[in-house]
Every structure is written in C-alpha cells, then in structure tokens.
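# Notes for the structure review
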Amino acid sequence: MIFSYYPGCTLKTKAKSLDIYGKKSAEELGIFLEELPDWQCCGAVYPMAGDEIATRLSSVRALATARNLNRGLVTLCSACHNVLKRVNEDMKTNEYIRTRVNNYLEDDIQYNGETEVYHYLEMIRNVIGFENLKRKIKYPLKGKKIASYYGCLLLRPGKVMQFDNPENPSIMEDFIRAIGAEPVIYPFRNECCGGYITLENRRLAKEKCNTIVASAIEKGAEAIITACPLCMYNLEVNSTELKLPVYYFTELLAEALGVK
Amino acid sequence: MPRIGVFVCWCGSNIASTVDVKKVAEAARDEPGVVYATDYQYMCSEAGQSMISKSIKDHRLTGIVVCSCSPRMHETTFRKAAASAGLNPYMVEIANIREQCSWIHKDRTEATEKAIVLARAAVAKLNLNNPLTAGEIPVVKRALVIGGGIAGIQSALDIAEAGFEVDIVEKSPTIGGKMAQLDKTFPTLDCAACILTPKMVDAARNEKINIFTYSEVESVSGFVGNFNVRIKKKARFVREKLCSGCGVCTEKCPSRKAENEFNEGLDNRGAIYIPFAQAIPNVPVIDTSSCLKFKTGKCGICAKNCPSGAIDFEQQDEIIERQYGAIVVATGYKLISLKNFDEYSYSQCPDVVTSLEFERIMNAAGPTKGQLLRPSDKTHPHTIVFVQCVGSRDTSGRGKPYCSKVCCMYTAKHAMLVKEKYPDAEVHVFYIDVRTPGKNFEEFYRRAVEQYGVNYIKGMVGKIAEKNGKLIVQGSDLIANEQVVIEADMVVLAAAIEPDPSARKIATMLTASIDTNNFFTEAHPKLRPVESPTAGVFLSGVCQGPKDIPETVAQASAAAAKVICLLSKEKLLSNPCVSHSDEMLCSGCSNCEKVCPYGAISFINKTFKFAGKFEIRRVAIVNEAICQGCGACTVACPSGAMDLKGFTNKQILAEVDAICR
C-alpha cells in the first residue's frame, strides 16, 4: 500500500529521527510512504484570519499534488498535520476561501479539499489497526512505563481534527499498549507545552513543561513520547525541575519492530 | 346565494404596519359572494366581536372570513362570535395574514398583495362551505398520570380531591422521583423528604388514587375523553399483597454489587431491594441482572427467609388495559451524561461529582449518613469548587443551549450547607451569570455570598486535573482578568438537566409534540402553558421545561385543574370536520383503512340496487366519534370516495384556484 508522505522542514533538520524511523517502520508494516515531489513548507502556522489566503497556498499545493497522485496524504509532524488538515477543511467547506485560493491556482489544478489527510497515528489506527500492529512487534517494550504527550495541535480544534477526544484522548495509549509497553495516563497529557511562547516568555513555557513532566512522573512514567518537534524541544529544554527522557513515538515503534 | 362578510384585522400595528388593510378589504369586496367588507383595529376585542355579530345580522350574512392571526390563536373566538349572531360556526374561515404574511414580510406592497390573495382563497373556500354540527362524545371519568415524581403526585392528589379516579404509572419501583433524592430545598432549606414523603403517603392512602409502580405505558389509542391505555406492570418477583415490607430479604441477599441508583451509584445495594426507607409501595423488587437465582439458578435465600412467602420467581409481566378521559404527562428529567465534558475529569476522578451525587452525600439518609466525605478516600474535603453551567447554555454543541434554571439556586444552597456544617471549609463557585428570578431567591444567594463568605468567581473552568490526591482546577476570573488555579479536594458539577429518555416514546404514543430538546410543547406558550396541543393531554413539571419545585407544584395543580374541567363534563362536543365515505364511489380497496392512524375506518358489505339488479359491495364506513379529521384517508383514496367535511377536495382546489388566479 502506498501513501503520499509529507515530512515537513523540521523532519529534515532537527527531527530527523521522527522522519527516518517513521518511514522504516511503515515499510516494515507493509506501507510505503512516498515523499511528495517538490514539497515545500506547509505554512508552519495555520492562519487564523479568514481572509489570509497567501499563507494557505503552500498547504494547498501539497494537498493538490497528493490529490493528483490519487493517494491519501500521511503526515508525521503535529504542526504540519494541523495546518494541512485545517486548510484542507477550509477548502472543503469554506466557499470564500476556496474561491480565493483557486483564483491563485492554475486552471488545471483547481482544488476542493478532495485529499484525505491522515496523521501517521491515524494511519496505524485506521489502516493497519492496533491489533495487527501488536502481532508484528518483534521486541515488545515489556515493563516500560511510558507517558504519551499529545500537546494541542493533534487534538484541537476537535471538530476539524477529528483525531481523538481532545479532553480525554486514547490513541497514543493504544499505541503504547500495541508496542508492548504500559501506558501511563496523567491529566496533563493534552495541556499546551508553551509552543512558540518560549521565545518571548520563557518563564511561562517552563511553568507549563514542569507541570506536565511532574504530573507524568507522579503517575509513574519512565519516558514520554510525542509526535511534535516543538513539544519535544519544550519538554526537553524547559522542564527545569524534573527530567524525563522524551522520544518521538516512531523511535520506539522502530525499536519494537526491530528496524532501529 | 351566499352572502359573505370579510373582516380585516389590523392587530394593532402587527398587521397594519406591513399590510395595507384598507386595500385588502377593498379588494375582497369584489370577490364572488362578498356583500360586505371592512377593517378594524382589534377584531378579537369585545368591540370587534360585536361588530362582527352586528354585521352578520344587518347584512344577513351566510358566512364570514376574518383576515387576522393564525386560526390556532382565534378561530374559536370568531366561531363563538358568529354563533352568537345565529350563524353556524363552521361558516367562519380565517385568512392568516399575520404569522404567514405581515410577520414574515418587510415589503408593504408585496405583503398587501399576498394578504389579498390569502383573503381571496378563504372566500373561495367559504363559498363551498356547508354548515356542520358537532356531535357529542361521552367522557370517561378517570385520569392517567404518567410519572410519579412530585409533579405527578401533586396532579393526582388534586384530581382525586375533586372526586375523580386517578391512576399513577411510575416506571421505577417507588414514587417520589428526583425530589426524594434531594437533601434540602431552596430557598427555605426545608428538608425534601420531610415535605415530600407525607404527600407520597397521602397519594398511597387516597381511595381515588391507584398507583402502578415498576410499570410503563405500553400503548395509547383513542382520543380526548376516551383514551385506551395499555400499562405493563413489570414483574417485581415479589407478591405485593403478601409482602409486609419487613426488609429481611434485602438484608439477607448475598449479591451486593449492584449500583444503588437511588444513591446515584455512590454505594451498592442487593439484588432484591427497596430503593429507600420511605419508598411507596414498601415492597422490594428483584433486579434480575444481578440476582444469583436468575443468573445461576442457585441461591433463593430471599425466598427461604421471607416470613410471608411473598417471593415469586415465576412472576410474569402483567398487561393492564384501562380507559381514561384525560392524561397528565409528568415524566420529569435526568442529568445529562458528562461524556462530552472530559475537561472536568468526571469519569477519571471520583472526587469530581455531579450535583445530584452531592445531594446524596449531604443527605442524612445517604451513603455517608450526611457527612461530607470525599468518595475516593472518605476524608473531609476542605476546599470545594462548584462549577455551574456544565452543559447548560452551551453554544459548542456538546451540551444544551438552554438554561437549566435550577442550578444557580441549588449551587448557592450547596455552598451554604457546606459552610453551615463546616465553617472552616473554603468554597468557590464558578459561574457565567447567577440567575435568581424567584421569590426570595436573590436574598438567598446574597446570604451565601455575604453571610457565609462563599467565593463567587465569574468565569468558567477549562480543566480539572488530579495531582497528588488533590484536584487542580484551572479556570478564568473574567472580572480580575486573570487565570485562576485552585487546589481543591472536591469538585461539584452542576450538570444540565434534560427530559427523561422516556419522553420521546411517550410523546409518540400520545401524538403530543416535543421540541428539539425533547421537552413537551405546550398548546400556547403563554395562554395555554399546561396543555399539550393534543386534546386531553396535559403537562406537569420538567417534562415541559426546566423548573424548580414550587413552579412544578404550581404547574401540577394547574394541569390538574384543566383535567378536572374536562372530567366534570358529561359529554364533549366532537369535531365535525371528520371524514366521510361516499359509498357510491368506494371500491372497497382498504387503502384508507391502512393509513388511518386512529383505526376509525371499517368495512361493511352493503346491498345496492343497480340497473334493476341487486349487488353486494364492500364499502368503507367512518366511525365519526373516532375520526380526528387528519385527512390521510382522503389522500390515499384512489376513487375520491373519501372526503373531509369542512375541508373537501373541492374546497381545497377552490383555494388553490383562487391563489393562482
């Protein structure tokens, strides 16, 4: 099975292991992730202004290319996923944005939100299935107590992302169970890590990250997994009081599948 | 020749500001059959009605068209006015130029044009009207009350007081409803049980009141004055007549893991149980889903220990069929499920409770005997946070758009009771608005703030997280414009209320309408608030909309008054606008019988003389006492034999022709 794959800039620089192990694991699971030809930046942040069109264009290019290849589009980075999924929703449902964006595009690539955007975790859940994943695990991470960290971008806005229950998600816990480890459920797993605020107000980002890590430790976690390079950065750098190792979920997946 | 009068109402400025009423009257004057047309400011007023009566006599009118509001509003008024002048009331037609014209249009020219067309259609129909006479139907002098909470009990008591028989059908094993679960009641703080249980006893002792508990309404047929109802009395597996209510069986039952519904699942009960000490009837019931005898075939300890041999594992459900003249719906409410509100961690933290659970915790007869203890570790909570509007006034689509009305007051009550019992407790309340419209309500709330020092925070809670046994409540204080984080020991959620899930099914059985939130709709929101649009069906309590106990009791008595008015009549006038079958056209195909929702159509074999020969044909006949005039059969009839009096096919086509002219 082949999917189009959108890595995004960070995965080619700071977050290489998120990318590499994601691709390797997918192959092991019988799915080939083919990088979109000539992909470029997703836009990085979803534009909140309804009349901001130019920044949506970069996402639409990726979405339209995947549509032309007639394949679903898989993402890995939470931030890229958030932008691509939301812009796709705009193109599907918001006539004003759709018309304005299409005015910029060549006549033969008019785009109306046809592409299905999946996050890698959704691909595992919906296409492979956690039960099937479990069967393919060679080196289950037995006895490891792992806390998932969802952050905001995968979950919200819930109505558009349709990823999981934003207030009490479970997809990463299911993933942790499938790779043989024990999920640690703690209440701050869907709290904001501070995001870009770390550039302007480091104290606030530290407060957020310390709360998250302390809560995970209190519930017995030995490590944290995430799907977001920015969350990874914050959790590592801004948790100043207590520390936990932070991994991309694909690293543990590759380890359990024996492809690391 | 018909002599028709047209009366165009201004409805103050409601119609006149958008429709040129003079022009409508003028245009109507040229219509066939019209001999008189006029306009007036308030046609429904005494002066307007007198004008109509006088014109009927002066101009020897044979029929009138009133261009005014919806016929649902004033058709009866104008029919009465016509009748007082000696005109057959069914020679009155209403052209609705308010709801269907002036209120929905802005352009005066267009609206006037439409009003003229509507008047023209009504005149065209009236030209074909025939005088109709209402028949009489007898009234069964017994009422049914569906639901045995405070609303149902109060309605039943009042109806019985007037000397009529009443049956209460309650689906749970006891009457009492939600009020029986409450601790104290606002704004006087008297104990709910102390004021409710005597009423329950009154209902049980009243000779005129018959209580079917653990029973459900299975089906309803018939119509006002003559409802036929099937009631399913579910098997209790305990013979009510033999049981003395000693309770030995409930103590000996070895299965103790079933969730105690009466205590909102905060503790467990046996498989054979009496919901609470003051339950009526004081007869236990076996919950077969947790009973070992039913699950494994072994046990039967209750039967062995019962001193009066009342346990009967073979008992079957029983169907009771009865006739009623009137039905009161008092099906009540429940709290919404909090599955869409995981930010409050209700499903994850045992110390986050709903307000109804909190009532049980504070109740002297509750699982903690009235001691305020946390469910998780049974310790005294020191800091308690109340969150109002959990799912009420919700615009996100996760909860309910309406205000649940009772939460502000009971939260103030809870806060006050906590401070009263434990003066050192710290109590915070998050609110959107504090709504206290009711007698002594504002004073009550002020007492909580000023006398008891409850800390009210305007703002909502975004997250509740458990940390080292404490609950971290993150919220916003909109007045201070800052984030608030409170380390609490316990959180109480004022969950929105919604109609009981049975409401929908019961509404369908009664052909009574419900709104998008499943609350029963009243016949008129202001002028007929306790009647359903379905004749003979009355509304009592929260099934019609959120309300507190005093309002519920008032509405229950109002509904009872309406029932008493109905039952005190010997006979009711039937609606003469019923179907009629032309036997010369009927082919006996049965299509009409199949679509009739009331079972009013049957068939007979009739002998006809045709061209000198006798032949027997199967033809439809309509039972006029049962027909409700819905008209379904007239549409289904392929040969045009079925016709609805007052709304004949010819009349309707005449209206269509007039509109298209």
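Residues numbered from 1 in each chain as written. Chains lettered and ligands numbered in written order. Predicted model: local features only at pLDDT ≥ 70, side-chain atom pairs only at ≥ 80, totals over all residues.

### Focus on the overall build of chain A
Under the convention used in this document: Secondary structure elements follow DSSP: runs of H or I of four or more residues count as helices, runs of E of two or more count as strands, with numbering from the N terminus. All radius of gyration figures rest on C-alpha atoms, and the globule criterion is 2.2 Å times the number of residues raised to 0.38. Three exposure classes are used, based on other C-beta atoms lying within 10 Å of a residue's own C-beta, which is placed from the backbone: buried for 20 or more, exposed for 12 or fewer, and partly exposed in between. Residues are scored as being in contact if the C-beta atoms we place from backbone atoms lie within 7 Å.
Counting secondary structure elements, chain A contains 11 helices and 8 strands. Here chain A has a C-alpha radius of gyration of 18 Å; the compact-globule value for 260 residues is 18 Å, and the two agree. In terms of overall dimensions, chain A has C-alpha extents of about 55 × 45 × 30 Å along its principal axes. By the burial criterion, 48% of the 260 residues in chain A qualify as buried. Within chain A, contacts between residues at least 6 apart in sequence are counted, and of these 74% link residues at least 24 apart.

### Some points on the interface of chain A and chain B
Quick note on the threshold: Residues are grouped as follows: Ala, Val, Leu, Ile, Met, Phe, Trp, Tyr, Cys and Pro are nonpolar; Asp, Glu, Lys and Arg are charged; all remaining types, including Gly, are polar.
Taken together, the contact between chain A and chain B spans 7 residues of the former and 7 residues of the latter. Looking at the side of chain A that touches chain B residue by residue, the classes come out as 2 nonpolar, 3 polar and 2 charged.

### Description of the environment of Ile97(B)
Within the element layout of this structure, Ile97(B) appears in the loop between β4 (92-96) and α4 (98-102). Separated by 27 residues in the primary sequence, Ile97(B) and Ser70(B) have C-alpha atoms spaced 7.7 Å apart.

### What about the packing of helix α1 (residues 16-28) of chain A against helix α11 (residues 249-257) of chain A?
Pairs of packed helices are described in terms of their axes, by the angle between the two and the distance that separates them. Residues and elements named next belong to chain A. As a reminder, the rule being used: A fitted line through C-alpha atoms represents every axis, and for helices the fit uses only the stretch in contact; the resulting angles, taken between N-to-C directions, go from 0 to 180 degrees. Small angles under 35 degrees read as roughly parallel and large ones over 145 as roughly antiparallel, with 65 to 115 read as roughly perpendicular and the rest as oblique. In a left-handed crossing the near helix is turned counterclockwise from the far helix by less than a right angle, and in a right-handed crossing that turn is clockwise.
Contact geometry of α1 with α11 gives a least axis separation of 8 Å together with a crossing angle of 40°. By the angle between their axes, α1 is oblique relative to α11. When you trace α1 past α11, the crossing you get is left-handed. Residue-level contacts link Ser-17, Leu-18, Tyr-21, Gly-22, Lys-24, Ser-25 and Glu-28 of α1 to Thr-250, Glu-251, Leu-253, Ala-254 and Leu-257 of α11. Looking at side-chain class alone, the contact of α1 with α11 contains 5 nonpolar, 4 polar and 3 charged residues.

### A few points about the pairing of strand β6 (residues 142-146) of chain B
Taken residue by residue, a regular strand's side chains alternate between the two faces of the sheet. Residues and elements named next belong to chain B. Our working definition: Each pair of strands is called paired provided DSSP finds at least two bridges between the two strands. By definition, the crossover connecting two strands over a helix is right-handed if that path, from the first strand to the second, turns clockwise as seen with the strands pointing away from the viewer.
Most of β6 sits out of view: 4 of its 5 residues are buried. Here β6 pairs with strand β7 (residues 165-169) via 5 bridges, running parallel. Across the sheet, residue Arg-142 finds its bridge partner in β7, namely Glu-165. Of the crossover connections in this fold, the one passing from β6 over helix α6 (residues 150-161) to the parallel β7 is right-handed. Looking at chain direction, β6 and strand β18 (residues 326-329) are connected through 4 bridges and run parallel. Bridge pairing links Ala-143 to Ala-326 in β18.

### Thoughts on the domain arrangement of chain B
We apply this condition: Note that the domain bounds reflect an automated or database-derived domain assignment.
Looking at chain B, the domain boundaries give domain 1 (4-126), domain 2 (142-234 + 317-332 + 500-567), domain 3 (248-305), domain 4 (335-498) and domain 5 (579-645). When each unit is reduced to the centre of its C-alpha atoms, the spacing between domain 4 of chain B and domain 5 of chain B is 63 Å.

### A few points about the sheet that holds strand β20 (residues 352-354) of chain B
Residues and elements named next belong to chain B. Read across the open sheet, the 5 strands follow the order β20-β27-β21-β22-β23; overall the sheet is parallel. Every other strand in the sheet has two partners, leaving β20 and β23 (455-458) as the edge strands with one partner each. Taken pair by pair, the neighbouring strands of this sheet meet at an average axis angle of 20°, ignoring direction. With 5 bridges connecting them, strand β21 (residues 383-390) and strand β27 (residues 490-495) associate as parallel partners. Counterpart to Ile-384 in the pairing with β27 is Met-490.

### Quick word on the sheet that holds strand β10 (residues 209-212) of chain B
Residues and elements named next belong to chain B. Judged by pairing direction, the sheet is parallel, and its 5 strands sit side by side in the order β10-β7-β6-β18-β29 without closing on themselves. In this open sheet, the two edge strands, each paired with only one partner strand, are β10 and β29 (537-539). Direction aside, the axes of adjacent strands within the sheet are offset by 20° on average. As paired elements, β18 and β29 share 3 bridges and run parallel to each other. Within β29, the position partnered with Ile-327 by the bridge is Val-537. On the sheet, α6 packs against β6, β7, β10 and β18 and is oriented at approximately 165° with respect to β7.

### Structural notes on the nonpolar core
Residues and elements named next belong to chain B. Here is the rule we go by: Connectivity within a nonpolar core runs through C-beta atoms within 7 Å, and the core itself is a set of buried Ala, Val, Leu, Ile, Met, Phe, Trp, Tyr and Cys residues.
Judged by nonpolar contacts, the single largest core of 215 residues is most densely connected at Ala-143, Val-329, Val-491 and Leu-493. In contact with Val-491, other than residues within four places in its own chain, are Asp-351, Val-352, Val-385, Val-387, Ile-464, Leu-471 and Val-473. Core analysis: the second largest hydrophobic core is formed by 47 residues, Trp-10, Ile-15, Val-34 and Ala-124 among them.

### Brief notes about the packing of helix α12 (residues 407-421) of chain B against helix α13 (residues 441-451) of chain B
All names here are of chain B. Relative to each other, α12 and α13 sit at 35°, their axes nearing to 9 Å. Considering the relative orientation of α12 and α13, their crossing is left-handed. Contact with α12, carried on its side by Met-409, Ala-412, Ala-415 and Met-416, involves Phe-441, Phe-444, Tyr-445, Arg-447 and Ala-448 of α13 and no other residues of that element. For the contact of α12 with α13, the residue count by class is 8 nonpolar, no polar and 1 charged.

### Overview of the domain arrangement of chain A
All names here are of chain A. Here chain A is described as being made up of domain 1 (2-120) and domain 2 (135-257). With 21 residues of domain 1 at the contact, the number on the domain 2 side is 17 residues. Listing elements by their share of the side of domain 1 that touches domain 2, those giving two or more residues are α1 and α3 (78-93). Looking at the side of domain 1 that touches domain 2 residue by residue, the class counts come to 7 nonpolar, 8 polar and 6 charged.

### Details of unusual backbone geometry
Residues and elements named next belong to chain B. Look at the link from Phe-186 to Pro-187: it is a cis peptide, with omega at -5°. Tracing the backbone shows Pro-187 in the loop between β8 (184-185) and β9 (190-191). Here Ile-280 and Pro-281 are connected by a cis peptide whose omega angle stands at 0°. If you trace the backbone, Pro-281 turns up in the loop between β15 (272-273) and β16 (285-286). The phi dihedral of Phe-237 is positive, around 65°, even though this residue is not glycine. One non-glycine residue with positive phi stands out, namely Lys-369, at about 55°. With respect to the helices and strands, Lys-369 occurs in the loop between α11 (355-362) and β21.

### Digging into helix α8 (residues 171-178) of chain A
Residues and elements named next belong to chain A. Worth spelling out the cut-off: Each direction from the helix axis to a C-beta atom contributes to the arc, which is the arc of those directions.
Looking only at α8, the buried set comprises Ile-171, Met-172, Phe-175, Ile-176 and Ala-178. Buried positions in α8, seen along its axis, are confined to an arc of 160° and lie on one side of it. Check the buried side of α8 and you find it contacts α5 (120-128), α6 (130-136), β5 (145-148), β6 (182-184), β7 (223-226) and α11. Once α8 finishes, Gly-180 follows within two positions and takes phi at roughly 90°, a positive value.

### Some thoughts on the environment of Ser4(A)
Residue and element names in this part refer to chain A. Looking at the secondary structure, you find Ser-4 in strand β1 (residues 2-6). Since 25 C-beta atoms lie within 10 Å of it, Ser-4 is described here as buried. Sequence-distant contacts of Ser-4, defined by excluding residues within four places in its chain, comprise Glu-34, Leu-36, Ala-66, Leu-69, Arg-71, Gly-72, Leu-73 and Val-74.

### A look at the environment of Thr436(B)
With respect to the helices and strands, the residue Thr436(B) is situated in the loop between β22 (426-431) and α13. With residues up to four places along the chain from it excluded, the contact list for Thr436(B) reads Cys408(B), Met409(B), Phe441(B), Glu442(B) and Tyr445(B).

### Focus: the confidence of the model for chain B
Predicted coordinates in regions of low pLDDT should not be interpreted in detail. Basically, it comes down to this: A residue's pLDDT is the confidence the predictor assigns to it, expressed on a 0 to 100 scale.
In this model, chain B carries an average pLDDT of 95, and 100% of its residues clear a pLDDT of 70 or more. Per the prediction output, this complex has pTM 0.87; the corresponding ipTM is 0.89.

### Some details on the pairing of strand β3 (residues 63-68) of chain B
Residues and elements named next belong to chain B. Counting buried positions along β3 gives 6 out of 6 residues, so the element sits mostly inside the fold. Of the two faces of β3, the one holding Gly-63, Val-65 and Cys-67 and the one holding Ile-64, Val-66 and Ser-68 are both buried throughout. For strand β1 (residues 4-9) and β3, the ladder comprises 5 bridges, and the chain directions are parallel. Following the sheet pairing, Ile-4 is matched in β3 by Gly-63. With 5 bridges joining them, β3 and β4 adopt parallel strand pairing. For Ser-68, the partnering residue across the bridge sits in β4 and is Asn-96. What joins β3 to β4 is helix α3 (residues 71-84), and the crossover it makes is right-handed.

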